[in-house]
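Architecture at a glance
Spelled out, the chains give:
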Amino acid sequence: MTLTGNPVSPGVAVGPLYVYRPKTMAITEAILRPEAVEAELARLHDVKAAAAREIRGIARSLQAQDPRNAKIFDAHEDILNDRILMEEVTRAIRDEGRAGDWAIQMAFDRFAAMLNRVDNPVIRERAADLQDVCARLLRLWHGVEEKGLAHLHQPVILAARDLLPSDTAALDRGKVLAILTEMGGAASHTAILARGYRIPAVLGIADLLAQVQHGDLAAVDAQTGTILLSPTDQELQALRAREASDRAEAERTRAFLPIKPLTADGRMVELGLNIGTGSDDELAYREYADFVGLFRTEFLYMSAPALPEEERQYSAYRNVLSAFGEKPVTLRTLDIGGDKAPKCLPLPREDNPFLGSRALRLCFARPDLFRTQLRAALRASVYGNLWLMLPMVSSLDDIRKARAIIASVHRELTEEGIAVSERYKVGAMIETPSMALIPDLMVDEVDFASIGTNDLCQYLMAADRLNPAVAEYYQLYHPALFRAVECSANAFAAAGKPLSICGELGGDPLAAAVFVGMGIRKLSMGPASLAAVKQMLSRLTTAQARALAQTVTGLSSAGEIEAYLKSKLI
Amino acid sequence: MYSQRITIQNEAGLHARPASDFTRAAMKFQSDIKIGPADGAARVSAKSILMILGMGMDKGTEVEIIAEGEDEKEAVEHLVALIQSGFGE
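Anyway, here's the lowdown on the structure attached to this text. Predicted model only: the values in this text are computed from it and were never measured.

Brief notes about the overall build of chain A
Within chain A one finds 23 helices and 16 strands. Per-residue burial over chain A gives 52% buried out of 570 residues. For chain A, long-range pairs separated by at least 24 residues make up 67% of all intrachain contacts whose partners lie at least 6 apart in sequence. Only carbon and sulfur atoms are counted for the fraction: they give 51% of the accessible area of chain A, which is about 25,900 Å².

Description of unusual backbone geometry
Residues and elements named next belong to chain A. Although it is not a glycine, Ser-230 sits at a positive phi angle of roughly 45 degrees. By the secondary structure assignment, Ser-230 is in the loop between β8 (226–229) and α9 (233–256). Backbone geometry at Ala-462 places phi at a positive 55 degrees, although glycine is not the residue there. Mapped onto the elements, Ala-462 comes out in the loop between α18 (453–461) and α19 (479–495). Here Ala-462 falls in the exposed class, since its relative accessible area comes to 71%.

A look at the interface of chain B and chain A
Contact residues are listed per partner, giving 14 residues for chain B and 18 residues for chain A. Counting the surface lost from both chain B and chain A, the interface buries some 1,500 Å², and carbon and sulfur atoms represent 61% of this. In terms of surface lost to chain A, no three residues of chain B exceed Arg-24, Leu-50 and Leu-53 of chain B, which account for 37% of the buried area on that side. One can count two salt bridges joining chain B with chain A. In this structure, the salt-bridge partner of Arg-24 of chain B is Asp-78 of chain A, at a minimum N-O distance of 2.7 Å. At the junction of chain B with chain A, the criterion picks out seven residue pairs in polar contact (both at pLDDT 80 or more). Among the secondary structure elements, those contributing two or more residues to the side of chain B that touches chain A are α1 (16–26) and α2 (49–55) of chain B. Sorting elements by how many residues they give to the side of chain B that touches chain A places α2 of chain B first, with five residues. A class-by-class count of the residues in the side of chain B that touches chain A yields six nonpolar, five polar and three charged.

Some words on the sheet that holds strand β7 (residues 217–221) of chain A
All names here are of chain A. Read from one edge to the other, the open sheet built from eight strands follows the order β1-β8-β7-β3-β4-β5-β6-β2, with strand pairing classed as mixed. Of all strands in the sheet, those with a lone pairing partner are β1 (2–4) and β2 (6–9), marking the two edges. Neighbour to neighbour, the strand axes of the sheet diverge by 30 degrees on average, direction disregarded. Pairing of strand β4 (residues 156–160) with strand β5 (residues 176–181), which is carried by five bridges, proceeds in the parallel orientation. Its bridge partner lying in β5, Ile-157 is registered against Ala-178.

A short note on the side chain of Gln-373 of chain A
Residues and elements named next belong to chain A. You can see Gln-373 is positioned in helix α14 (residues 367–380). A relative accessible area of 1% places Gln-373 in the buried class. A distance of 3.0 Å separates the side chain of Gln-373 from the side chain of Tyr-317, its partner in a polar contact.

Examining the pairing of β8 of chain A
As defined by bridge partners, β1 of chain A adjoins β8 of chain A across three bridges and the pair is classed as antiparallel. Opposite Thr-4 of chain A, over in β8 of chain A, you have Thr-226 of chain A as the bridge partner.

Regarding the packing of helix α20 (residues 509–517) of chain A against helix α23 (residues 558–569) of chain A
Residue and element names in this part refer to chain A. Relative to each other, α20 and α23 sit at 90 degrees, their axes nearing to 10 Å. As far as their axial angle goes, α23 and α20 are roughly perpendicular. On the side of α20, the interface is formed by Leu-510, Ala-513 and Val-514, while α23 contributes Leu-565, Lys-566 and Leu-569. Grouping the amino acids of the contact of α20 with α23 by side-chain chemistry returns five nonpolar, no polar and one charged.

Observations concerning the sheet that holds strand β3 (residues 44–45) of chain B
Residue and element names in this part refer to chain B. An order of β1-β4-β2-β3 is seen for the four strands of this open sheet, with the pairing classed as antiparallel. At either margin of the open sheet sits one strand with a lone partner, and together these are β1 (2–7) and β3. By the bridge criterion, six bridges tie β1 to strand β4 (residues 62–68) in an arrangement that is antiparallel. Bridge pairing in β4 places Thr-7 opposite Glu-62.

Observations concerning the pattern of salt bridges
Residue and element names in this part refer to chain B. By the definition in use, this model includes 33 salt bridges over all chains. When the shortest N-O distance is used, the salt bridge between Arg-43 and Glu-64 registers 2.9 Å. Here Glu-64 lies in strand β4 and Arg-43 lies in the loop between β2 (32–37) and β3, a separation of 21 residues in the sequence. The class of Arg-43 is partly exposed, set by a relative accessible area of 22%. What makes Glu-64 buried here is its relative accessible area of 14%.

A look at helix α15 (residues 396–415) of chain A
Residue and element names in this part refer to chain A. Here α15 is 20 residues long and its end C-alpha atoms lie 29 Å apart, about the 28 Å a rise of 1.5 Å per residue gives. Along α15, the residues that are buried comprise Leu-396, Asp-398, Ile-399, Ala-402, Ile-405, Ile-406, Ser-408, Val-409, His-410 and Leu-413. In the core, the buried residues of α15 are packed alongside α13 (359–365), α14, β12 (385–390), β13 (425–430), α16 (433–436) and α17 (439–442). Between a side-chain oxygen at the N-terminus of α15 and the backbone nitrogen of Asp-397 the separation is 3.3 Å; the capping residue is Ser-395. A positive backbone phi angle near 80 degrees is found at Gly-417, which sits one or two residues after α15.

Considering helix α2 (residues 67–80) of chain A
Residue pairs spaced three or four apart in an α-helix point in one direction, given the helix's 3.6 residues per turn. An ideal rise of 1.5 Å per residue puts 20 Å on 14 residues; α2 of chain A measures up with 20 Å between its terminal C-alpha atoms. Every buried residue belonging to α2 of chain A is among Asn-69, Ala-70, Phe-73, Ala-75, His-76, Glu-77, Asp-78, Ile-79 and Leu-80 of chain A, and all of these are buried.

Considerations on the packing of helix α1 (residues 37–65) of chain A against α2 of chain A
Residues and elements named next belong to chain A. Two elements in contact, α1 and α2, have axes separated by 7 Å at closest approach and are oriented at 160 degrees. Judged on the interaxial angle alone, α2 and α1 are roughly antiparallel. For the pair α1 and α2, the crossing hand works out as left-handed. Contact residues: Lys-48, Ala-51, Ala-52, Ile-55, Arg-56, Ile-58, Ala-59, Leu-62, Gln-63, Ala-64 and Gln-65 in α1; Pro-67, Asn-69, Ala-70, Phe-73, Asp-74, His-76, Glu-77 and Leu-80 in α2. Its residues assigned to classes, the contact of α1 with α2 comprises 11 nonpolar, four polar and four charged.

Details of the environment of Leu-396 of chain A
All names here are of chain A. Position of Leu-396 relative to the elements: it lies in helix α15. Using a relative accessible area of 15% as the deciding quantity, one classes Leu-396 as buried. Residues Leu-396 and Glu-445 lie 49 residues apart in sequence; the distance between their C-alpha atoms is 7.3 Å. With residues up to four places along the chain from it excluded, the contact list for Leu-396 reads Met-435, Ile-438, Leu-441, Met-442 and Glu-445.

Conventions adopted
Residues numbered from 1 in each chain as written. Chains lettered and ligands numbered in written order. Predicted model: local features only at pLDDT ≥ 70, side-chain atom pairs only at ≥ 80, totals over all residues. Heavy atoms only, no water. Helix = DSSP H or I, 4+ residues; strand = E, 2+ residues; numbered from the N terminus. Buried < 20%, exposed > 50% of the residue type's maximum accessible area, 1.4 Å probe, protein only. Contact = heavy atoms within 4.5 Å. Areas by Shrake-Rupley, 256 points an atom, 1.4 Å probe, with all protein chains shown as cover. Buried area = accessible area lost by both parts, 1.4 Å probe. Salt bridge = Lys/Arg side-chain N within 4 Å of Asp/Glu carboxyl O. Polar contact = N/O pair within 3.5 Å; in protein donor to acceptor, adjacent residues only side chain to side chain. Nonpolar A, V, L, I, M, F, W, Y, C, P; charged D, E, K, R; others polar. Pairing = 2+ DSSP bridges. Axes fitted to C-alpha atoms, helices over the stretch in contact; angles between N-to-C directions. Parallel < 35°, antiparallel > 145°, perpendicular 65-115°, else oblique. Expected span 1.5 Å × (residues − 1). Left-handed = near helix turned anticlockwise from the far one by under 90°.

Next up, the structure:
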């Protein structure tokens, strides 16, 4: 039988199920005799003190190995000390004569309901903390021992309705192969914990507990979010093979991610990050990269209820710029179009949105959008090393017009007395064929450039990369692409200006080897590709890379190029 | 009774860790302390982290802190200074 859920932490695992059912406390829904109230209040006081001791103990023991998890228990201590919450419980006991556990449950439920009404999702998460503290108080009220997941006798796959911070505080990490729950989403405590501990996890599995038995064998595929119960030998074999290759990949990452990106003969190639939101997860890679080759700014618009104001943008840009310090952050100005218009910016329907008023063209048509973004970026420039990058440039006119607007925004800010860095750079993407054919003319108009191989391939091949009907015509290894890169590399090298690759091919080790052979010394990619590219570089001398490039530019089809590279490099 | 107004300056507003620092500081004082947006009527106990989180006071909100009790002046001044320090962010 197969179950499905939401995969929140990647990996594959096979093992026996451990069904975790913490005891739910039966609440005493009774009214006390007046003489019993004092004793009940005293008991509340004792239980609260015991809870505080337990929570402080957990926080202390977690402090050493898992400080982020430990912070959650500081928040639990705050909740326990919340005056109004405790007054509410006390009042229910003293004035309404409710039994203590009933009073606790009611007060906590009321406050959880209040938090659930707040707009901010981070605050709504606190309702889970309330539940956790409430459960602890009720357990202590009824004198039940804390039965945790601290002592598992063998490696197991954990299955539960939900896991609260208290359940996982002392989790025997080494013995948990995977985590399955009925509740919880990608931002829940369980998901964050699983990702942090690198344990595969699938959450939101409807009716999980009704369908599994303690001890049953299960195979979890947390790439696809499927769980096979009592898998066949064949299914097991396939999954174990995946598990082995995942492990090998993880090994490689551990070995190569932290090294300097040097070729076998000691030449440095700068590797950059492509980031989409500047989240903590993305920023965590900053010590493994030399720069940010692409900071996409669309996230500020995509799910926003209204156009992002200057302050909001400034805040986001400042956050990323200061995180990278001296390392350049290449901020790409707004790059959206009619194909995927955000809610806050309805755009007219076009017959050919990829050839339409998008990206920089849209910014020219909507100077309010463009100037707001530029103001935010230039204000943030004082916090780091800003490289502004213009997308969808199709002529030098575009570059000149944009630079004039940037200069005007800079002047505007200076007149307002707002500081702007003296050293930010302005560059453009090479993604239209028109630019790819005149890199020698383009180089005089920019401080730097970056080749967006995805869109460049699309426009060169005249094939919509999102249309499955023409997928075979969108060929990333087409000789035209490699020639375009070579042309640009030569022009920019001659002028002594930086050129990078920020499209998908930059993170493809096979293509990267060729680009390095063409003289490209900056490649930017998603964090997951860094280790593989570093590994490739370490095995290649610049002479070998040059030979590869020379051969590739003489081959006549994508198929030949792919076969050749695989034969030489894998 | 003693009160003062101050604008919240740190990026995250009076949420998460700042709220925690704030209530822990408030609890050191004996007085009854309340906080709320200056341009509104709602005032909640500064010693209740849940009520403060429920209010959602963002960066840029001007708030009023009111204390009533023996150490009311100290309490308000201490909490105002705490908000002014930006909670070390």
